[in-house]
Amino acid sequence: MAELHVELVAADRQVWSGEASLVVARTSSGDIGVMPGHQPLLGVLQSGPVTIRTTGESGDGTVVAAVHGGFISFADNKLSLLAEIAELSDEIDVQRAERALERAKSDADAAAERRADVRLRAVTGVH
């Protein structure tokens, strides 16, 4: 099975690295799926869940992360996701994210509401 190497990096740390068969991310042009052999690309990441279908040593599975802004780059079967903020779904405290969403709604803070919504969608798998 063909694979691509994926690096998901936030401003403060490397979030995830490994082999994958498919990565789905939200860009300024819409959602994009990248598979091995994809045409080279460079795009702007929008806030949204990133889904990585893993292969290789970690086995077949799915990694989901909440990503807030950044860039996506693909060439030579290497995909880089360089995010301002990124959290793996299993790192997200659901109750805290729900409280943040409610607080953002009551404060009419659209940016904070979007961040909290993305975090909850990454955990629940609702895109």
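Just so you know, these numbers come straight off a predicted model, no measurement behind them.

**Here we look at the environment of Ala-25**
Part 1 of the argument: Examined against the element boundaries, Ala-25 turns out to sit in strand β2 (residues 13-27).
Part 2 of the argument: On the basis of relative accessibility, which here comes to 2%, the residue Ala-25 falls in the buried class.
Part 3 of the argument: Measuring from C-alpha to C-alpha, the distance between Ala-25 and Ser-106 comes to 29 Å, with 81 residues separating the pair along the chain.
Part 4 of the argument: Not counting the four nearest positions on each side in its chain, Ala-25 is found in contact with Gly-30, Asp-31, Ile-32, Leu-45, Pro-49, Val-50, Ile-72 and Leu-81.

**Description of the UniProt feature "coiled-coil region" (unreviewed entry) in the chain**
Part 1 of the argument: On the UniProt side, "coiled-coil region" (unreviewed entry) is annotated at positions that read residues 78-121 here.
Part 2 of the argument: End C-alpha atoms of residues 78-121 are separated by 26 Å, and the span's content is 59% helix alongside 25% strand.

**Observations concerning the confidence of the model for the chain**
Part 1 of the argument: On average, residues of the chain score 90 in pLDDT, and 96% of them reach the 70 mark or higher.
Part 2 of the argument: Taken element by element, the predicted model of the chain shows its lowest mean pLDDT in helix α2 (residues 110-124) (84) and its highest in strand β1 (residues 4-10) (97).

**Describing the nonpolar core**
Part 1 of the argument: Within the largest apolar cluster, 24 residues are counted, with the highest numbers of intra-cluster contacts made by Val-6, Leu-8, Val-23, Ile-52, Val-67, Leu-79 and Leu-81.
Part 2 of the argument: Of all the elements in the fold, those that place two or more residues in this core are β1, β2, β4 (41-45), β5 (48-55), β6 (61-75) and β7 (78-88).
Part 3 of the argument: Setting aside residues no more than four positions away along its own chain, Leu-81 makes contact with Val-6, Glu-7, Leu-8, Val-9, Val-23, Ala-25, Leu-45, Val-50, Phe-71 and Ile-72.
Part 4 of the argument: Ile-92, Ala-97, Leu-101 and Leu-120 belong to the second-largest nonpolar core, a separate cluster that totals ten residues.

**Focus: unusual backbone geometry**
Part 1 of the argument: Even without being glycine, Asp-76 reaches a positive phi, approximately 55°.
Part 2 of the argument: According to the relative accessible area criterion, Asp-76 is exposed, its value standing at 72%.
Part 3 of the argument: At Ala-108, a position not held by glycine, the phi torsion is positive, near 55°.
Part 4 of the argument: Tracing the backbone through its elements, the reader meets Ala-108 in the loop between α1 (94-107) and α2.
Part 5 of the argument: Taking the relative accessible area as the measure of exposure, Ala-108 reaches 68% and is therefore exposed.

**Focus on the domain arrangement of the chain**
Part 1 of the argument: As assigned here, the chain comprises domain 1 (4-88) and domain 2 (93-124).
Part 2 of the argument: Taking only C-alpha atoms into account, the centre of domain 1 sits 22 Å from that of domain 2.
Part 3 of the argument: Between domain 1 and domain 2, the contact holds ten residues from the first and six residues from the second.
Part 4 of the argument: With both sides pooled, the region where domain 1 packs onto domain 2 buries about 640 Å², and carbon together with sulfur makes up 63% of that total.
Part 5 of the argument: Inspection of the region where domain 1 meets domain 2 yields one salt bridge.
Part 6 of the argument: Close ionic contact of Arg-119 with Glu-87 constitutes a salt bridge, the shortest N to O distance being 2.7 Å.
Part 7 of the argument: The interface formed by domain 1 and domain 2 holds two residue pairs in polar contact (both at pLDDT 80 or more) in total.
Part 8 of the argument: Of all elements in the fold, only β5 and β6 reach the threshold of two or more residues within the side of domain 1 that touches domain 2.
Part 9 of the argument: No other element matches the five residues that β6 contributes to the side of domain 1 that touches domain 2.
Part 10 of the argument: For the side of domain 1 that touches domain 2, a count of residues per class yields five nonpolar, three polar and two charged.

Cut-offs used in this document
Position numbers for residues count from 1 along each chain, tracking the sequence in the order it is written. Reporting of local features is limited, given that this is a predicted model, to residues whose pLDDT is at least 70; pairs of side-chain atoms are given and counted only at 80 or more, and all residues count toward the totals for whole chains, interfaces and linings. Processing note: side-chain calculations cover all non-hydrogen atoms of the structure and skip hydrogens and water entirely. In this text, helices come from DSSP runs of H or I with a minimum length of four residues, and strands from runs of E with a minimum of two, each type numbered from the N-terminal end. Each residue is assigned to one of three classes by its accessible area relative to the maximum for its type, calculated with a 1.4 Å probe on protein chains only: buried under 20%, partly exposed between the two thresholds, exposed over 50%. The contact criterion used is simple: two residues touch if any of their non-hydrogen atoms lie within 4.5 Å. UniProt positions are given in the numbering used here, feature names are shortened, and annotations may be inferred rather than shown by experiment. One number per residue, pLDDT, summarises how confident the predictor is, and it ranges from 0 to 100. Here, nonpolar core refers to any group of buried Ala, Val, Leu, Ile, Met, Phe, Trp, Tyr and Cys residues whose side-chain atoms link them within 4.5 Å. Bear in mind that the domain bounds are from an automatic or database domain assignment. By buried area we mean how much accessible surface two parts lose on assembly, using a 1.4 Å probe and totalling the loss over both. Criterion for a salt bridge: a side-chain nitrogen of Lys or Arg within 4 Å of a carboxyl oxygen of Asp or Glu. Polar contacts here mean pairs of N or O atoms no more than 3.5 Å apart (in protein, one a potential hydrogen donor and the other a potential acceptor; neighbouring residues in sequence count only if both atoms are side-chain atoms). Here the nonpolar group is Ala, Val, Leu, Ile, Met, Phe, Trp, Tyr, Cys and Pro; Asp, Glu, Lys and Arg are the charged ones; every other residue, Gly included, is treated as polar.

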